[in-house]
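This is what each chain is made of:
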Amino acid sequence: MNRTPVSSSNLKSVGYDSSSNTLEVEFHGDRVYQYYNVPKEIYQGLMAASSHGKYHHRRIKGNYRYSRIR
């Protein structure tokens, strides 16, 4: 999945696959997680947020099933 770099002290890059509603987040330190069944609006909100890390913590972490892929 292609990811877009983001300016964040916590997140390094973010990608989204609209065909499967999968959100992929790379953190600094090269950990990568995929979050499943994430609505496109949540991805768009993450990309538009003034703080990507805070948005992730409040709206994504703990709200969607995920797996660490790296």
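Source: prediction; values computed, not measured. (Residues numbered from 1 in each chain as written. Predicted model: local features only at pLDDT ≥ 70, side-chain atom pairs only at ≥ 80, totals over all residues. Heavy atoms only, no water.)

### A closer look at the sheet that holds strand β2 (residues 11-17)
So, point 1. With respect to topology, 5 strands assemble into an open sheet ordered β1-β2-β3-β4-β5, the strand pairing being antiparallel. The two strands at the open ends of the sheet, each matched to only one other strand, are β1 (4-5) and β5 (66-68).
So, point 2. Two strands pair when backbone bridges link them, and strand β4 (residues 32-35) and β5 are joined in this way by 3 bridges, in the antiparallel orientation. Paired with Gln 34 across the two strands is Ser 67, which belongs to β5.
So, point 3. Seen against the sheet, helix α1 (residues 40-48) touches β1, β2 and β3 (22-27) and runs at an angle of roughly 155 degrees to β2. (Pairing = 2+ DSSP bridges. Helix = DSSP H or I, 4+ residues; strand = E, 2+ residues; numbered from the N terminus. Contact = heavy atoms within 4.5 Å. Axes fitted to C-alpha atoms, helices over the stretch in contact; angles between N-to-C directions.)

### Let's talk about the packing of aromatic side chains
So, point 1. Overall, the coordinates contain 5 aromatic pairs when judged by the stated rule.
So, point 2. Centre to centre, the rings of Tyr 33 and Tyr 35 are 6.5 Å apart; their planes meet at 35 degrees, and the pair counts as tilted.
So, point 3. Given a relative accessible area of 15%, Tyr 33 falls into the buried group.
So, point 4. With 5.7 Å between their ring centres and 40 degrees between their planes, Tyr 35 and Tyr 66 make a pair best called tilted. Linking Tyr 35 in strand β4 with Tyr 66 in strand β5, this pair joins segments that are 31 residues apart in sequence. (Phe/Tyr/Trp six-rings, centres within 6.5 Å; stacked < 30°, edge-to-face > 60°. Buried < 20%, exposed > 50% of the residue type's maximum accessible area, 1.4 Å probe, protein only.)

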